[in-house]
Amino acid sequence: MHAASNQDTRRSKPAEGLSAITSCHRSVPGLGTAVSTLTRVTTGSSSTRRKAGGQAGATKPDTQRAAKSTAKWAAEWDGETHLGLIRRARRMNRTLAKAFPHVYCELDFTNPLELTVATILSAQSTDKGVNLTTPALFARYRTALDYARADRVELEELVRPTGFYRNKANSLIRLGQELVARFDGEVPRTMAELVTLPGVGRKTANVILGNAFDIPGITVDTHFGRLVRRWRWTAEEDPVKVEHAVGELIERREWTLLSHRVIFHGRRVCHARKPACGVCVLARDCPSYGLGPTDPLVAAPLVKGPETEHLLGLAGL
């Protein structure tokens, strides 16, 4: 099995996805209707709320009624069986596949070594920030031996924009040394070997396995953990326990794609502070529906990313 590459997608990852999804919502029957119907049942129409609350916005009684409605909605999942959870989780994954038909690793790379380095740099940084840093880095350091022999000061300056640059430079130098000494300069393709490398934990290893080698893995980052707990797929906080709990719900062949879909959804729709519940395609299956605004017109501006038009189309807007 050969290593995957994002070389071509550096110029077209979002673009080719958008071309595939601009009219996709027309072929997904029921999603927009389900969201709109759920919104009307749970919150009432916009005109009704305006009459009740006036132009000044929601009153305290309105807020209390909304909170009670959300609590009642969440309580419907209290008696869910494990089989019911499996069915719901897989149904949600299928829905996410329709919402995000083109998902990918948002770190730019052309080979397993570049992906490993980029993932190490992404700790406490953003993918966008890393992608701005790696072109110069990858041009200067092309092999594990290059990192093993790197001038520390020079390397630190190159990775400085990603934060914690001294620790990251040290990890990259040691990574190069370990790869040269133990793996003939190549990135290994097993979890057991990857987690022995400097700067590589299970999350990083799953990113590498899934995206460089096409070996299924579940990447539990901040977005993934937050969303699966909101969905009551698991109550675990420990990333390793989350990984195993979700792995029992979703087919193994779907693990890598599921990770991307959930992360995409967390970055674009299900935000930490104010999720866009009113336009969420998962609304009917989400125990946390109502944490954010349920009025589609209020929720719509919260949606981010290049898929915005497609996602709003699925919600009937």
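As the structure is a prediction and not an experimental result, all values here were calculated from the model. (Residues numbered from 1 in each chain as written. Predicted model: local features only at pLDDT ≥ 70, side-chain atom pairs only at ≥ 80, totals over all residues. Heavy atoms only, no water.)

1. Overview of the environment of Val153
Our working definition: Numbering of helices and strands runs from the N terminus; a helix is a DSSP stretch of H or I covering at least four residues, while a strand is a stretch of E covering at least two.
As for its position among the elements, Val153 is in helix α9 (residues 152-159). Remark: the alpha-carbon pair of Val153 and Arg166, spanning 13 residues in sequence, is separated by 8.9 Å.

2. Some words on helix α5 (residues 82-99)
Note the cut-off: One less than the number of residues in a helix, times 1.5 Å, gives the span that helix is expected to have. Whether a residue is buried, partly exposed or exposed follows from its accessible area with a 1.4 Å probe, protein chains only, as a fraction of its type maximum: under 20%, in between, or over 50%, in that order.
With 18 residues, α5 extends 25 Å between its outermost C-alpha atoms, agreeing within 8% with the 26 Å of an ideal straight helix rising 1.5 Å per residue. Where α5 is concerned, the buried positions are Leu85, Ile86, Arg88, Ala89, Met92, Asn93, Thr95, Leu96 and Ala99.

3. Let's talk about the packing of aromatic side chains
Counted only if it meets this: When two rings of Phe, Tyr or Trp (its six-membered ring) have centres within 6.5 Å they constitute a pair, described as stacked for plane angles under 30 degrees, edge-to-face for angles over 60, and tilted for the intermediate range.
Enumeration over the complete set of coordinates arrives at 4 aromatic pairs. Arranged with centres 5.9 Å apart and planes meeting at 80°, the rings of Phe100 and Phe264 form a pair that is edge-to-face. With a gap of 164 residues between them, Phe100 in the loop between α5 and α6 (112-121) and Phe264 in helix α15 (residues 255-268) connect regions that are remote in the sequence. Residue classification places Phe264 among the buried positions, given a relative accessible area of 1%. Ring plane angle 85° and centroid distance 5.2 Å describe the contact between Tyr104 and Phe264, whose orientation is recorded as edge-to-face. One end of the pair, Tyr104, is in the loop between α5 and α6; the other, Phe264, is in helix α15, and 160 residues separate them in sequence. For the residue pair Tyr104 and Phe264, the accessibility class agrees, reading buried in each case. Here the aromatic cluster, defined as three or more aromatic residues joined through ring pairs, consists of Phe100, Tyr104 and Phe264.

4. Some details on the nonpolar core
Under the convention used in this document: Side-chain atoms within 4.5 Å link the members of a nonpolar core, which is a set of buried Ala, Val, Leu, Ile, Met, Phe, Trp, Tyr and Cys residues.
Phe224, Trp231, Trp233, Val246, Ile250 and Val279 are the most contacted members of the largest nonpolar core, which has 40 residues in total. Taken together, the elements giving at least two residues each to this core come down to α5, α13 (222-230), α14 (239-247), α15 and α17 (308-314). Here this core gets 6 residues from one element, more than from any other, and that element is α5.

5. Focus on the side chain of Thr219
Position of Thr219 relative to the elements: it lies in the loop between α12 (202-212) and α13. With a relative accessible area of 9%, Thr219 lands in the buried category.

6. Structural notes on the packing of α5 against α15
The following threshold applies: To obtain an axis, a line is fitted to C-alpha atoms, over the contacting stretch when the element is a helix, and the angle between two such axes runs from 0 to 180 degrees between their N-to-C directions. Roughly parallel means an angle under 35 degrees; roughly antiparallel means over 145; roughly perpendicular covers 65 to 115; every other angle is labelled oblique. Put simply, a crossing is left-handed when the front helix is turned counterclockwise from the back one by less than a right angle, and right-handed when it is turned clockwise. Contact criterion: two residues are considered in contact whenever any of their non-hydrogen atoms come within 4.5 Å of each other.
For the pair α5 and α15, interaxial distance at closest approach is 10 Å and the crossing angle is 70°. When the interaxial angle is binned, α5 and α15 end up roughly perpendicular. For α5 against α15, the interelement crossing comes out left-handed. Residues Asn93, Leu96 and Ala97 of α5 form the contact with α15, whose participating residues are Leu258, Arg261, Val262 and His265.

7. A look at unusual backbone geometry
The backbone of Gln124 sits at a positive phi, close to 60°, despite the residue not being glycine. The topology assignment puts Gln124 in the loop between α6 and α7 (127-140). Although it is not a glycine, Asp214 sits at a positive phi angle of roughly 60°. Relative to the assigned elements, Asp214 resides in the loop between α12 and α13.

8. Concerning the side chain of Lys168
We count it as follows: The charged-residue count follows a simple rule in which Lys and Arg add positive charge and Asp and Glu add negative charge, with His and chain termini not counted at all. Here a salt bridge means any side-chain nitrogen of Lys or Arg lying within 4 Å of a carboxyl oxygen belonging to Asp or Glu.
Structurally, Lys168 is set in helix α10 (residues 165-183). Buried and unpaired, Lys168 has no salt bridge, with Asp127 as the nearest side chain of opposite charge at 9.9 Å.

9. Things to note about the pattern of salt bridges
Applying the stated criterion across every chain, the model contains 15 salt bridges. The partner of Glu106 in a salt bridge is Arg267, with the nearest N and O atoms 2.3 Å apart. Residue Glu106 is located in the loop between α5 and α6, and its partner Arg267 is located in helix α15; the two are separated by 161 residues in the primary sequence. On the basis of relative accessible area, Arg267 is assigned to the partly exposed category, the value being 27%. Across the pair Glu178 and Arg182 runs a salt bridge, and its minimum N-O distance is 2.9 Å. One end of the pair, Glu178, and the other, Arg182, are both in helix α10, 4 residues apart, so they sit about a helical turn from each other.

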